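So the chains spell out like this:
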Number of protein chains: 2
Amino acid sequence: MARWEGGTLERLQAAALSLFASKGFDETTAAEIAEAAGVTERTFFRYFGDKREVLFRGSERLVEAFQEGIRLAPEGSAFALVSAALAAAAEYFPDERRPYSRQRQQVIQATPALEERELHKGLTIARTIRDELQTRGVPETAAALAAQTGSTVFSLAFARWIQPDEKRSMAAIQNDLLADLRNLVR
Amino acid sequence: MARWEGGTLERLQAAALSLFASKGFDETTAAEIAEAAGVTERTFFRYFGDKREVLFRGSERLVEAFQEGIRLAPEGSAFALVSAALAAAAEYFPDERRPYSRQRQQVIQATPALEERELHKGLTIARTIRDELQTRGVPETAAALAAQTGSTVFSLAFARWIQPDEKRSMAAIQNDLLADLRNLVR
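Residues numbered from 1 in each chain as written. Chains lettered and ligands numbered in written order. Predicted model: local features only at pLDDT ≥ 70, side-chain atom pairs only at ≥ 80, totals over all residues. Heavy atoms only, no water.

Caption draft 1: Structural view of the overall build of chain A. Counting its regular elements, chain A contains 10 helices and zero strands. Taken over the C-alpha atoms alone, chain A extends approximately 55 × 35 × 30 Å along its principal axes. Long-range contacts, defined here as pairs at least 24 residues apart, represent 61% of the contacts in chain A between residues at least 6 apart. Total accessible area on chain A stands at roughly 9600 Å², and carbon and sulfur atoms take up 49% of it. (Helix = DSSP H or I, 4+ residues; strand = E, 2+ residues; numbered from the N terminus. Contact = heavy atoms within 4.5 Å. Areas by Shrake-Rupley, 256 points an atom, 1.4 Å probe, with all protein chains shown as cover.)

Next comes the structure, spelled out in structure tokens:
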């Protein structure tokens with residue numbers, strides 16, 4: 001049998017996603033994931049605290065990307081800062097990741113507890129953007145509004161990006177939505 | 001002892017909120033609420049399916065207000081339709097309700113399961129606005145964006161409305177936020 005050539009981390013993620021999709025998240029154990037990836041259960045737990053973490057590893061880095069985007073942006077309006085945050089976040093969604101993201105999304109939508117967690121990720125992103133905007137001197141209300149708006153653009157862009165017929169990059173979809181938003185409130 | 005003169009429903013709500021605030025939501029039983037309101041437990045269950053419902057009764061009517069606002073609005077842009085939905089929703093938050101809303105919010109923030117439910121209320125509002133906008137002919141993406149934006153304005157306005165120092169009406173705060181939003185994306 002051909003063995004996938006990725007590193008252990010990637011093998012575990014691929015095995016987990018495949019099992020979650022076929023058996024269901026709740027019915028899959030860490031031991032089964034380890035076995036499918038050809039490693040011991042102990043190895044699994046060297047990489048992940050639990051099976052849920054397989055799907056949410058990287059969330060912190062995504063949140064940091066939003067933060068960094070604002071920190072490194074030149075002086076500008078709140079909207080410009082949010083746009084910079086979105087651009088930085090888009091780098092976490094290169095086209096080659098799209099198939100993985102699509103499969104992950106199906107697993108999440110099939111499992112209410114995972115949907116909750118995903119929802120909270122959205123809240124964390126909005127709060128992070130807000131705090132970072134305030135650090136850059138944007139007043140509280142404007143920061144909250146800009147942050148929620150940025151989080152909305154990100155969520156809607158991501159939902160669009162993983163559609164089967166979608167060909168645009170994450171960055172392109174976000175930019176189109178930002179333009180839509182301008183038209184909306186004009 | 002002076003007995004509050006409100007109807008049974010209002011007495012039950014006041015008693016529940018007072019007990020939730022003093023003892024905690026989880027530690028309060030339906031029987032205690034009924035007793036504090038001077039009615040039988042059976043009466044409590046004629047009004048509410050469970051103690052959580054005391055806090056979420058009226059949520060459906062709020063969602064319907066957003067719907068009605070869009071349905072009854074004259075021909076206009078997606079933004080104008082969302083503004084109409086917000087104006088209709090604001091009628092559910094007259095100034096005399098502010099003390100109740102403040103106390104309710106404290107109970108909700110102290111209880112994670114209630115926060116979840118409140119979060120889902122926000123999602124329901126966004127989905128309802130989106131569907132209603134599509135019914136009015138707004139294309140899918142624009143409808144989703146406008147709906148999320150409307151839901152954001154509503155949430156931020158509500159959070160502001162219940163601040164101790166806030167004097168503006170819910171409608172006024174929403175309008176100020178809509179103006180902020182225009183400035184933001186300009």
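Caption draft 2: Local environment of the nonpolar core. Ranked by size, the top nonpolar core spans 74 residues in total, and within it A:Phe66, A:Leu133, B:Phe66 and B:Leu133 carry the most contacts. Those residues within four positions of B:Leu133 in sequence are excluded, and the remaining contacts are B:Ile70, B:Ala78, B:Leu81, B:Val82, B:Val138, B:Ala143, B:Ala146 and B:Ala147. (Core = buried A, V, L, I, M, F, W, Y, C linked by side-chain atoms within 4.5 Å. Buried < 20%, exposed > 50% of the residue type's maximum accessible area, 1.4 Å probe, protein only.)

Caption draft 3: Representation of the packing of helix 5 (residues 59-72) of chain A against helix 6 (residues 78-90) of chain A in the model. Residues and elements named next belong to chain A. Running from N to C, helix 5 and helix 6 cross one another at 140°; their axes reach a closest spacing of 7 Å. When the interaxial angle is binned, helix 5 and helix 6 end up oblique. Crossing geometry of helix 5 relative to helix 6 is assigned as right-handed. Contact with helix 5, carried on its side by Leu 62, Ala 65, Phe 66, Gly 69 and Ile 70, involves Leu 81, Ala 84, Ala 85, Leu 86, Ala 88 and Ala 89 of helix 6 and no other residues of that element. Here the contact of helix 5 with helix 6 is composed, by residue class, of 10 nonpolar, one polar and no charged. (Axes fitted to C-alpha atoms, helices over the stretch in contact; angles between N-to-C directions. Parallel < 35°, antiparallel > 145°, perpendicular 65-115°, else oblique. Left-handed = near helix turned anticlockwise from the far one by under 90°. Nonpolar A, V, L, I, M, F, W, Y, C, P; charged D, E, K, R; others polar.)

Caption draft 4: Broad picture of the relation of the copies chain B and chain A. Superposition record for chain B on chain A: RMSD 0.0 Å, screw rotation 180°, translation along axis 0.0 Å. The superposition of one copy onto the other is thereby described by a two-fold rotation axis. Scanning chain B for the C-alpha nearest the rotation axis identifies B:Thr149, at a separation of 3.3 Å. Take the interface residues of chain B: 100% of them recur as interface residues in chain A, which is what a same-surface contact looks like. (Least-squares fit on C-alpha atoms with pLDDT ≥ 70 in both.)

Caption draft 5: Just the interface of chain B and chain A, in detail. On the side of chain A, 21 residues touch chain B, which itself brings 21 residues to the contact. Counting the surface chain B buries against chain A, the share from its top three residues, B:Leu145, B:Leu184 and B:Val185, is 32%. Our enumeration of links across chain B and chain A arrives at four residue pairs in polar contact (both at pLDDT 80 or more). Looking at the side of chain B that touches chain A, the elements with two or more residues in it are helix 6 (78-90), helix 8 (112-135), helix 9 (140-161) and helix 10 (170-185) of chain B. By residue number, the principal contributor to the side of chain B that touches chain A is helix 9 of chain B, which donates nine residues. Looking at the side of chain B that touches chain A residue by residue, the class counts come to 13 nonpolar, five polar and three charged. (Buried area = accessible area lost by both parts, 1.4 Å probe. Polar contact = N/O pair within 3.5 Å; in protein donor to acceptor, adjacent residues only side chain to side chain.)

Caption draft 6: Local environment of the pattern of salt bridges. Applying the stated rule across the entire model yields 22 salt bridges over all chains. Two residues, B:Asp131 and B:Arg130, come together in a salt bridge whose shortest N-O distance is 3.1 Å. Take B:Asp131: its relative accessible area is 38%, and that puts it in the partly exposed class. For B:Arg130, a relative accessible area of 30% corresponds to the partly exposed category. With a shortest N-O distance of 2.7 Å, B:Arg168 and B:Asp176 are connected by a salt bridge. Residue class for B:Arg168 comes out partly exposed when judged on its relative accessible area of 32%. In the salt-bridge network here, residues are joined through shared partners; they are A:Arg160, A:Asp165, A:Glu166, A:Arg168 and A:Asp176. (Salt bridge = Lys/Arg side-chain N within 4 Å of Asp/Glu carboxyl O.)

Caption draft 7: Local environment of the environment of B:Gly7. Position of B:Gly7 relative to the elements: it lies in the segment before helix 1 (8-23). B:Gly7 sits 166 residues away from B:Ile173 along the chain, and the two C-alpha atoms are 31 Å apart.

Caption draft 8: Representation of the packing of aromatic side chains. On inspection of all chains with the given rule, the structure shows 20 aromatic pairs over all chains. Taken together, a centroid distance of 6.1 Å and an interplanar angle of 40° make the contact between B:Phe158 and B:Trp161 tilted. Taken together, the residues B:Phe158 and B:Trp161, both in helix 9 and three residues apart, mark about one turn of the helix. Connected via pairs of aromatic rings, a cluster forms that spans A:Phe66, A:Phe93, A:Phe154, A:Phe158 and A:Trp161. In this arrangement the basic side chain of A:Arg117 is found over the ring face of A:Phe56, its NZ or CZ atom lying 4.5 Å from the centre. (Phe/Tyr/Trp six-rings, centres within 6.5 Å; stacked < 30°, edge-to-face > 60°. Lys NZ or Arg CZ within 6 Å of the ring centre and 35° of its normal.)

Caption draft 9: Representation of the environment of B:Tyr47 within the structure. Residues and elements named next belong to chain B. Mapping Tyr 47 onto the fold places it in helix 3 (residues 41-47). Distance from Tyr 47 to Thr 8, taken between C-alpha atoms, is 8.9 Å for residues 39 residues apart in sequence. When residues no more than four places from it in sequence are discounted, the contact partners of Tyr 47 are Thr 8, Leu 9, Leu 12, Glu 53 and Arg 57.

Caption draft 10: Just the confidence of the model for chain A, in detail. Per-residue confidence for chain A gives a mean pLDDT of 92, with 97% of residues at or over 70. The ipTM value of the predicted complex is 0.79, and its pTM value is 0.85. (pLDDT = per-residue confidence, 0-100.)

Caption draft 11: Quick peek at helix 5 (residues 59-72) of chain B. Residue and element names in this part refer to chain B. A rise of 1.5 Å per residue sets the reference length of helix 5, with its 14 residues, at 20 Å; its end C-alpha atoms lie 20 Å apart and thus fit the reference within 8%. Those residues of helix 5 that sit buried are Ser 59, Leu 62, Val 63, Ala 65, Phe 66, Gly 69 and Ile 70. The buried residues of helix 5 occupy one face: seen down the axis, they fall within an arc of 150°. Residues of helix 5 that are exposed and point more than 90 degrees away from the buried face comprise Arg 61 and Leu 72. For helix 5, the secondary structure elements touched by its buried residues are helix 4 (51-56), helix 6, helix 8 and helix 9. (Expected span 1.5 Å × (residues − 1). Arc of directions from axis to C-beta.)

Caption draft 12: Molecular detail of the side chain of A:Thr111. Residue placement: A:Thr111 occurs in the loop between helix 7 (98-109) and helix 8 (112-135). Excluding residues within four positions of it along the chain, A:Thr111 makes contact with A:Phe25 and A:Asp26.

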